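Observations on chain architecture
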Protein chains: 2
Amino acid sequence: MIASPYSIGIDIGGTKMSSALVDTKSQSDDPKQLMSNFQELPTPKDSEGFIQTLLTLIERQREASPNVTAIGISTAGTVDTRIGKVMGATGNLPGIRGVENLKERLEAATGLYVHAENDANAAAYGECRAGAGRGMDDIVMVTLGTGVGTGIVMNGKMIRGGHFAAGEGGHIPLSNSQERKCTCGRWDCWEAFASGTGLAATAQKYLASASSEDRELFLAISGKSASDVHTHQVIEAYKAGNPLAKTMLDAWHQHVALGLRAVLNLLDPEAIVIGGGMAQFVDFPKLHDITRPQIHD
Amino acid sequence: MIASPYSIGIDIGGTKMSSALVDTKSQSDDPKQLMSNFQELPTPKDSEGFIQTLLTLIERQREASPNVTAIGISTAGTVDTRIGKVMGATGNLPGIRGVENLKERLEAATGLYVHAENDANAAAYGECRAGAGRGMDDIVMVTLGTGVGTGIVMNGKMIRGGHFAAGEGGHIPLSNSQERKCTCGRWDCWEAFASGTGLAATAQKYLASASSEDRELFLAISGKSASDVHTHQVIEAYKAGNPLAKTMLDAWHQHVALGLRAVLNLLDPEAIVIGGGMAQFVDFPKLHDITRPQIHD
């Protein structure tokens, strides 16, 4: 039997679980070339349903490519990659909580090699091997979304840390003056400023201190009352040329840049890959300009 | 000829160059057991004098142990470890600037294997292999001195970054409000607060805003005028039980902790090893308490 060039990739999200066949021999960086046979199922809330759904997704891929030898799983939560134990998964994933040894259990059930990885880490490794960081050994992926996530590859290897909790870069502190509480309970984490939610909080702050004229101009475009202004309204007002919205988005770029400075000075990656729902709003030349680390002499 | 268990270690400082024989087979973490035949010479300011001094130090070690096979060099500056090129060394080391290929040059002259490394990186690796981080694969060393330096070992390997400039953790930003200029030209770097110089600047700030009574009490102990207060005076006043000095040192611990939070959240090391001249003033239980990262759920 010739080993298949395909592996099974599975992503576990709070709402759905997705899978595909991944062509591990492909030199393409086009996801449509790299992956095929996309499948998805709703994520069950109980452990047994969760395992059953995983097995169903695996079976569907093996029907398409019987000789696969390995399964890669990405999931929210801190993953002990030695045994595939998912620790501290978000409340979105109750089904995974009871599973102590995902790796062993799936390997026993399928006869295939299984590797489970934190999803931010998996994304960073994917970018390094087949995406924007291809050919590089040292990259950091920063995901700007509802929160801020980081995944780190250095010397060509995943950086998981001593307790599989590396890459929580969203909780780098940006201030020493207790300005904004983070969902983690600490003050002034990067995520509390540089996420979509962070931009919305910044917008609220600027609206509260703006002149009534500037505030009215902004609210006329956004079509919401001040308390209902969220990320979307800031972006819309910015696109319409509103000056207050530009100030808000400038501040957001500064917040993104502060965390990037921490990453750059500590790790000196060849590239920082920026993804997530907020990435589309990044002015990359500006961000590069305000982030660039000082050259030391 | 039996290969010697000894290698030659050389540290290049701004004032002197030191060397020793290092017992690479020793299981001890006592420097006196690990190293012997300590030698030192002044650091020449010109390239040829600099190379000559290196060769003299090497020769003195080979006289003591003729069969050594390798030389390890630690130096200030960013080191391209592939060719031993020292880039951007501090103004303290003019002699090293003209040397393009330290590794090749010394290997040709001595017939020994040569590896040159940034001194903060070398210190971190040393702590990981033979010091406080022994037996661990993931440690960060933080040096609190005149500046703040960091060295990172992850997955058992040095993290040098894509351009040999990783470990500049002293330039993690601690604030988004342009409070204090760093020597690097940027605002609010960790080093501008958590170094000895940073503590002195914090002391000046507190002295300026203190009540005249508190200020007089402090200055009576420190025996200096306010403008002459430096790290030493803060420590002396603190030891004498002065409340204002305690406030200053508390603030310094908070500044140290903010940078440690960035390190912990990004890298999750098994241990952070703290060294440097300021390490003796760290209240470790307190620092641990205020640094501990939030557990994410």
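Basis of the calculations
- Residues numbered from 1 in each chain as written.
- Chains lettered and ligands numbered in written order.
- Predicted model: local features only at pLDDT ≥ 70, side-chain atom pairs only at ≥ 80, totals over all residues.
- Heavy atoms only, no water.
- Salt bridge = Lys/Arg side-chain N within 4 Å of Asp/Glu carboxyl O.
- Buried < 20%, exposed > 50% of the residue type's maximum accessible area, 1.4 Å probe, protein only.
- Least-squares fit on C-alpha atoms with pLDDT ≥ 70 in both.
- pLDDT = per-residue confidence, 0-100.
- Helix = DSSP H or I, 4+ residues; strand = E, 2+ residues; numbered from the N terminus.
- Pairing = 2+ DSSP bridges.
- Axes fitted to C-alpha atoms, helices over the stretch in contact; angles between N-to-C directions.
- Disulfide = S-S within 2.5 Å.
- Expected span 1.5 Å × (residues − 1).
- Contact = heavy atoms within 4.5 Å.
- Buried area = accessible area lost by both parts, 1.4 Å probe.
- Polar contact = N/O pair within 3.5 Å; in protein donor to acceptor, adjacent residues only side chain to side chain.
- Nonpolar A, V, L, I, M, F, W, Y, C, P; charged D, E, K, R; others polar.
- Arc of directions from axis to C-beta.
- Parallel < 35°, antiparallel > 145°, perpendicular 65-115°, else oblique.

**Some words on the pattern of salt bridges**
For the coordinates displayed, the defined rule picks out 14 salt bridges over all chains. As a salt-bridge pair, Arg82(B) and Asp80(B) come within 2.8 Å of each other at their nearest N and O atoms. Overall, Asp80(B) belongs to the buried group, its relative accessible area being 8%. In this structure, a network of salt bridges that share partners links the residues Lys246(A), Asp250(A) and Lys286(A).

**Side note on the relation of the copies chain B and chain A**
Each copy superposes on the other: chain B lies on chain A with an RMSD of 0.0 Å after a rotation of 180° and an axial shift of 0.0 Å. In short, the pair behaves as if placed about a two-fold rotation axis. Closest approach to the rotation axis within chain B is made by the C-alpha atom of Ser175(B), at a distance of 2.0 Å.

**A closer look at the confidence of the model for chain A**
Residues and elements named next belong to chain A. On average, residues of chain A carry a pLDDT of 91, and 95% of them reach 70 or more. Within chain A, the lowest mean pLDDT, 75, falls on helix H3 (residues 94-97), and the highest, 97, falls on helix H10 (residues 243-267). Interface confidence in the predicted complex, given as ipTM, is 0.89; pTM for the same model is 0.90.

**Here we look at the sheet that holds strand E1 (residues 6-12) of chain A**
Picture the strands of a sheet paired through backbone hydrogen bonds; they go either parallel or antiparallel. Residue and element names in this part refer to chain A. The mixed open sheet is built from 5 strands, whose spatial order is E3-E2-E1-E4-E7. Whereas interior strands pair on both sides, the edge strands pair on one side only; in this sheet they are strand E3 (35-42) and strand E7 (113-118). Across this sheet, the average inter-strand angle for adjacent strands is 20°, counted without regard to direction. Across 5 bridges, E1 lies against strand E4 (residues 70-75) in parallel orientation. Across the sheet, Ile 10 pairs through a bridge with Ile 73, a residue of E4.

**Some thoughts on the sheet that holds strand E9 (residues 148-154) of chain A**
What the 4 strands build is an open sheet, ordered E10-E9-E8-E11 (chain A); its pairing is mixed. Only two strands of the sheet have a single partner each, and these edge strands are strand E10 (157-158) and strand E11 (271-275) of chain A.

**Considering the pairing of strand E2 (residues 16-23) of chain A**
Residues and elements named next belong to chain A. With 6 of its 8 residues buried, E2 lies for the most part within the structure. Note that E1 and E2 share 7 bridges and pair antiparallel. In the sheet register, Asp 11 faces E2, and the bridge partner there is Ser 18. Note: E2 against E3, 6 bridges, orientation antiparallel. When the bridges of E3 are listed, Ser 18 appears paired with Glu 40.

**Description of the state of the cysteines**
Within the structure shown, the criterion is met by 0 disulfides over all chains. Cys182(B) takes part in no disulfide bond, and the closest cysteine sulfur to it belongs to Cys189(B), at a distance of 3.8 Å.

**Here we look at helix H7 (residues 196-209) of chain B**
Residue and element names in this part refer to chain B. Its 14 residues give H7 an end-to-end C-alpha distance of 20 Å, which sits within 8% of 20 Å, the value for a rise of 1.5 Å per residue. Three or more residues of H7 are buried, namely Gly 196, Gly 198, Leu 199, Ala 200, Thr 202, Ala 203 and Leu 207. In this fold, the buried residues of H7 make contact with helix H6 (191-194), helix H8 (212-222), helix H9 (231-239) and helix H10 (243-267).

**Regarding the interface of chain B and chain A**
Interfaces are often sized by the amount of accessible area the parts lose when they come together. Each side of the interface is counted separately: chain B has 53 residues, and chain A has 53 residues. Taking both partners together, chain B and chain A bury about 4,100 Å²; carbon and sulfur atoms supply 52% of that area. Three residues stand out in chain B for area buried against chain A, namely Asn176(B), Arg186(B) and Leu266(B), and they jointly supply 18% of the buried area on that side. Summed over the shared surface of chain B and chain A, the result is 0 salt bridges. Counting every contact that joins chain B to chain A gives 22 residue pairs in polar contact (both at pLDDT 80 or more). A class-by-class count of the residues in the side of chain B that touches chain A yields 23 nonpolar, 18 polar and 12 charged.

**Looking at helix H5 (residues 119-130) of chain A**
Residue and element names in this part refer to chain A. Counted at 1.5 Å a residue, the expected span for H5 with its 12 residues is 16 Å, and the 16 Å between its end C-alpha atoms agrees. Of the positions making up H5, those classed as buried are Ala 120, Asn 121, Ala 124 and Cys 128. The buried residues of H5 occupy an angular sector of 105° when the element is viewed end-on, so they sit on one face. Contact partners of the buried residues in H5: E7, strand E8 (139-144), E9 and E10. Its side-chain oxygen 2.9 Å from the backbone nitrogen of Ala 120, Asn 118 forms the N-cap of H5.

**A closer look at the packing of H8(B) against H10(B)**
Helix-helix packing: each pair is described by the crossing angle between the helix axes and the interaxial distance. Residue and element names in this part refer to chain B. Contact geometry of H8 with H10 gives a least axis separation of 8 Å together with a crossing angle of 90°. As far as their axial angle goes, H10 and H8 are roughly perpendicular. When H8 is examined against H10, the residues Asp 214, Arg 215 and Phe 218 are found in contact with a partner set consisting of Leu 244, Ala 245 and Met 248. Classifying every residue of the contact of H8 with H10 by side-chain character gives 4 nonpolar, no polar and 2 charged.

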